[in-house]
Amino acid sequence: MSNKKTIGIIFGGVSSEHNISCISAKNVVSNIDYDKYNVVLIGITKEGRWFIYNDNINLLPEDKWIYSNKLVPAFISPDTSIHGIVCSTGEIIRLDAVFPVLHGKNGEDGTIQGLLQLAQIPYVGCDATSSGVCMDKAIANAVADACGISQAKWCSINCYDYRNNSEQMLDNAIEKLGLPIFVKPANAGSSVGISKAHNKEELKTAMEIAFKEDKKAVLEEFIIGHEVECAVLGNNNPITGEVGEIVAAADFYDYDAKYNNPQSQLHIPANISENKREEVKVQALRAYKALGCEGMARVDFFVTTDDERVLLNEINTIPGQTSISMYQKLFEAVGVPYKELIERLINHALERGGKI
């Protein structure tokens, strides 16, 4: 009898990051240890339809998988007695754990985590509460402030209030934050919908771009410094990987600079002193615990050029798993190859169990 664990890998999703999720999933599936795991691929289309996918993994990028003739409609049941997948054929597939490779909304925001918690199926990554908190930049910033974690000056504005009093709100933001100002949707990922505004007119445009992605926008002061990232792994006693640095090809590290522009550079380790990298690691663990993270997260910081302050930027609870993504590279830099990292992530999920 096989001792292999059956792992469901969920990819795609109703999100602006659907395409990146499919690329991430291909990379996870290409590196998982098939001697230890049976893998079941669960694809979610951009429209929200769920399928078991059992075909060539090279079809995952660019959504070529949805044209396969080997798709079976299926879904994860919240019924604890099922503990897995119900297929349209009537077949039930019991899952030992799930690796949700879903970025952005409807995947990284606590929604899929809530379903898995109802089903009592162990899963990789943060729980529903922590996922939701970290996904919402305004709430995450408020928690960081309450915990005394240093970050850039910020404010948040919801769309309803903005429509009623936009001029005053923009004036207040400029007075508090200065110019330029970064404007972000509160709930989005991969730098989707982010703009840098140098004046009030650009700020108005940036607000509209952000509101296309979410009903709430977060405005932050512009920080001159290094943009660094720290990978964190674990439950009660988390560890860090190396600290890496992004040097964006564009004016800032937006979606295009991340995934489409080969001029963006990753430096591992980051171009800051060893002492400062150690400080970033300490602050990454502090932020990880303060926001209730488990399993994995990538914690991003600024290190200011003038006085080398370490300022929290954001926490990504399902960091990219593509071949160019930082999370696994930061652990490879400290001697943890990707195949082993995937195994550790699954083990942390099993260790926590399905009852959260």
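Here is what the cut-offs are and how they apply
- Residues numbered from 1 in each chain as written.
- Predicted model: local features only at pLDDT ≥ 70, side-chain atom pairs only at ≥ 80, totals over all residues.
- Heavy atoms only, no water.
- Helix = DSSP H or I, 4+ residues; strand = E, 2+ residues; numbered from the N terminus.
- Pairing = 2+ DSSP bridges.
- Axes fitted to C-alpha atoms, helices over the stretch in contact; angles between N-to-C directions.
- Contact = heavy atoms within 4.5 Å.
- 1 Å grid on protein atoms, 1.4 Å probe; cavity = no way out; pocket = protein on both sides within 12 Å on 5 of 7 lines; lining within 4 Å.
- Points joined across faces, edges and corners; volume = space filled by probe spheres on them.
- Nonpolar A, V, L, I, M, F, W, Y, C, P; charged D, E, K, R; others polar.
- Polar contact = N/O pair within 3.5 Å; in protein donor to acceptor, adjacent residues only side chain to side chain.

1. Concerning unusual backbone geometry
Excluding glycine, residues mostly have negative phi values, and the peptide bonds linking residues are mostly trans.
Stage number 1. With omega at 0 degrees, the peptide bond leading from Leu179 into Pro180 counts as cis.
Stage number 2. Its location among the elements puts Pro180 in the loop between helix H6 (166–177) and strand E9 (181–185).
Stage number 3. Geometrically, the link from Ile268 to Pro269 is a cis peptide bond, its omega value of 0 degrees lying close to zero.
Stage number 4. Inspection of the secondary structure puts Pro269 in the loop between strand E14 (265–267) and helix H9 (274–290).

2. Considering the sheet that holds strand E8 (residues 154–158)
Stage number 1. With antiparallel pairing, the four strands of this open sheet are ordered in space as E8-E11-E9-E10. Taken across any chain shown, the strands that pair with only one partner, and hence form the sheet edges, are E8 and strand E10 (195–197). On average, each strand axis in the sheet is tilted by 25 degrees relative to the strand beside it, whichever way the strands run.
Stage number 2. Pairing analysis gives three bridges linking E9 to E10, with the strands arranged antiparallel. Each residue of the ladder has a partner; that of Ile181, found in E10, is Ala197.
Stage number 3. Against the sheet, helix H4 (residues 137–146) engages E8, E9 and strand E11 (216–221), with an angle of about 50 degrees to E11.

3. Some remarks on the layout of surface pockets
Stage number 1. Counted as a void, the second largest pocket has a volume near 180 Å³.
Stage number 2. Contributing to the lining of the second largest pocket are Val29, Tyr34, Val39, Val40, Leu41, Ile52, Tyr53, Asn54, Asp55, Ile57 and Ile93.
Stage number 3. For the lining of the second largest pocket, the elements supplying multiple residues, two or more each, are strand E2 (37–44) and strand E3 (50–53).
Stage number 4. If you tally residues by element for the lining of the second largest pocket, the top one is E2, at three residues.
Stage number 5. Considering only residue class, the lining of the second largest pocket consists of nine nonpolar, one polar and one charged.

4. Quick look at the environment of Glu221
Stage number 1. Turning to its location among the elements, Glu221 is positioned in strand E11.
Stage number 2. Sequence separation between Glu221 and Leu177 is 44 residues, and the spatial gap between their C-alpha atoms is 4.9 Å.
Stage number 3. Leaving out residues up to four positions away in the same chain, Glu221 has contacts with Ala152, Lys153, Leu177 and Pro180.
Stage number 4. Here the side chain of Glu221 touches Lys153 through a polar contact of 2.9 Å, landing on its backbone nitrogen.

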